[in-house]
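The lines below spell out each chain.
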Amino acid sequence: MNLRHALLPLALALSLPAVADAAQRGFTVQDMAYMDRHSAPTLSPDGRVLVFAKRVVDKNTNKSSTSLWMRNLVTRDIRPPQQLTPEGWNVNSPAFSADGRSVYFMSAKSGSMQLYSMPVAGGEPKRLTDTVIDVDGYKLSPDGGSVALAFAVFPDCKGDLDCTKKKLDEADALKTTGKVFDRMFIRHWDTWNEGRLNRVFAAKLGGEGMIKTATLLSGDINGDIPSKPFGDLSDFAWSADGKQVAMSVRQANREEPWSTNFDIWLVNADGSGARNLTAKNPAWDAGPVFSADGKTLYYRAMARPGFEADRFALMAMDLASGASKEIASKWDASADGITLSADGKWLYTTAQELGRHPLFRVSLANGEVESVVKDGSVSSFDLAGDTLAFSRNSMKTGDVIATTSADGKGPLRAITPSAGEMLPDVAWGDYEQFNFIGWNNETVHGYVVKPWNYQPGKKYPVAFLIHGGPQGSFGDGWSYRWNPQTYAGQGYAVVMIDFHGSTGYGQAFTDAISQHWGDRPLEDLQKGW
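Caption draft 1: Local environment of the sheet that holds strand 7 (residues 114-119). Here four strands make up an open sheet; going across it, the order is 5-6-7-8 and the pairing antiparallel. A strand with exactly one partner marks an edge of an open sheet, and here the two such strands are strand 5 (91-96) and strand 8 (126-127). As judged from the six bridges shared by strand 6 (residues 102-107) and strand 7, these two strands associate in the antiparallel manner. From the neighbouring strand, Met 106 faces strand 7, where its bridge partner is Leu 115.

Structural data, given as structure tokens:
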């Protein structure tokens, strides 16, 4: 081969801009809509297998579908995750069986939302329920022998699902569309009140045929579980022996629209013996979780009635005496949930902190708090033995699922790609956090995002994004609603300020906006700008 002919292409390549650089562009709304999304990291009981959900969009039909994918965490090869659920299925809500051999999920493949399971080793999904109305959610008992099922039913139908189906069919057959409401809620966010309550039922697993009926557990409690419109079964818990359940419910009465008085009820697994465990607290009690020995109930509690932005404290109740105590009283943060470690020594929870949403663990012995996953925003996590799986996002990527050790100190192993890896031709706007002195000479934090094609010394238009709530935060996280990269991708700089009233800076900072919606936040926004 002629040496001159070999060197000429190399010289030309070095004289031209790199192809990747030439192809770089800003992030667009279309990118955001069509990107794959990964969620619901779920570990097998032994922590050896990870299952997660992957949502994709078909650009030709403009429709999305979600499938389950699996990764064996023991093998250290570079083999990518493998699809578990069959092609053409749209599924959600994965959970492992107690023995780790099967995965449960929900799907409307049959025409209505029902519960399915399939072997981890592969095979066809098996339909487990055949109810006349949709299954809205489920939670397996710890021993795997029973399942809690959520249905939206008419209260006077009690546990008769056929009765609710008949009423729905009759309503659909009416030629008139007018409705009479004698109390609020008439509409809650995007959900109309059609007279049904969300209620929890229980059924045995492993029997012959599909489940068609179930035992009503929350029949003696007049309220929605899960709560409307955004609740889920994190407000429902099985005891370790499967003999009792606990649930957080607000009474569905005329005071409901302005009440935050959710109480935790203890009910036998046959639906009998309902009793209110937190009647003494007129504020919000949420997220019950039983200890492994069944003697303690952990939950979250607010202190002020009627105030949705109060701090959620971590509580422990001795079920024998009914006495409760706060676990981490010195921690000025609002806990999002409760997950207990296998050894019963730690309580894991996420909480907002200084413009981020980290994962923490709290010692049940002394209430000391440790950071486990610090940067960005942890949206969900699962814990099995010494394995921690979590999904985390930032202002440069949607959720990336990763694994590490239970204390967060082990090697970090990414399972799914970041936005940058999925969109290699996109240049992202760099961002940084800043702070300044705002109202009352107190420190206020914010973020600035540079345009994707930022050049020092050049002027750029600015998008000034102001969060709502008003108790909320624009922090280091990914949003499919207010995404600063969609502005940066169009050549804008972006400024976001967590003014007084924002969450994640201590409860006093959040409370500062009450009765001061128009002055203190405005002063912060003016000074931060």
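Caption draft 2: Spatial organisation of the sheet that holds strand 16 (residues 244-250). Spatially, the four strands line up as an open sheet ordered 15-16-17-18, and their pairing is antiparallel. Bordering the open sheet on either side are strand 15 (236-238) and strand 18 (275-276), each of which pairs with just one other strand. Pairing of strand 16 with strand 17 (residues 262-268) involves seven bridges; the strand directions are antiparallel. Considered in strand 17, the bridge of Arg 250 is made with Phe 262.

Caption draft 3: Looking closely at the layout of surface pockets. By volume, the second largest pocket amounts to about 430 Å³. For the second largest pocket, the lining is made up of 23 residues, of which Arg 183, Phe 185, Asn 193, Gly 195 and Arg 196 are closest to its centre. Tallied by class, residues from the lining of the second largest pocket come to eight nonpolar, seven polar and eight charged.

Caption draft 4: Expanded view of the pattern of salt bridges. Applying the stated rule across the entire model yields 17 salt bridges. With its nearest N and O atoms 2.9 Å apart, the salt bridge here joins Asp 425 to Arg 25. A residue pair is termed long-range when its members are at least 10 positions apart, and Asp 425 in the loop between helix 5 (419-422) and strand 31 (431-437) and Arg 25 in the loop between helix 2 (19-23) and helix 3 (29-34) qualify at 400 residues. Relative accessible area serves as the criterion here: at 26%, Arg 25 is assigned to the partly exposed category.

Caption draft 5: Local environment of helix 8 (residues 520-528). Buried within helix 8 we find Arg 520, Pro 521, Asp 524, Leu 525 and Gly 528. Seen from one end, helix 8 has its buried residues packed into an arc of 135°, which puts them on one side.

Reading the values: the criteria
Residues numbered from 1 in each chain as written. Predicted model: local features only at pLDDT ≥ 70, side-chain atom pairs only at ≥ 80, totals over all residues. Heavy atoms only, no water. Pairing = 2+ DSSP bridges. Helix = DSSP H or I, 4+ residues; strand = E, 2+ residues; numbered from the N terminus. 1 Å grid on protein atoms, 1.4 Å probe; cavity = no way out; pocket = protein on both sides within 12 Å on 5 of 7 lines; lining within 4 Å. Points joined across faces, edges and corners; volume = space filled by probe spheres on them. Nonpolar A, V, L, I, M, F, W, Y, C, P; charged D, E, K, R; others polar. Salt bridge = Lys/Arg side-chain N within 4 Å of Asp/Glu carboxyl O. Buried < 20%, exposed > 50% of the residue type's maximum accessible area, 1.4 Å probe, protein only. Arc of directions from axis to C-beta.

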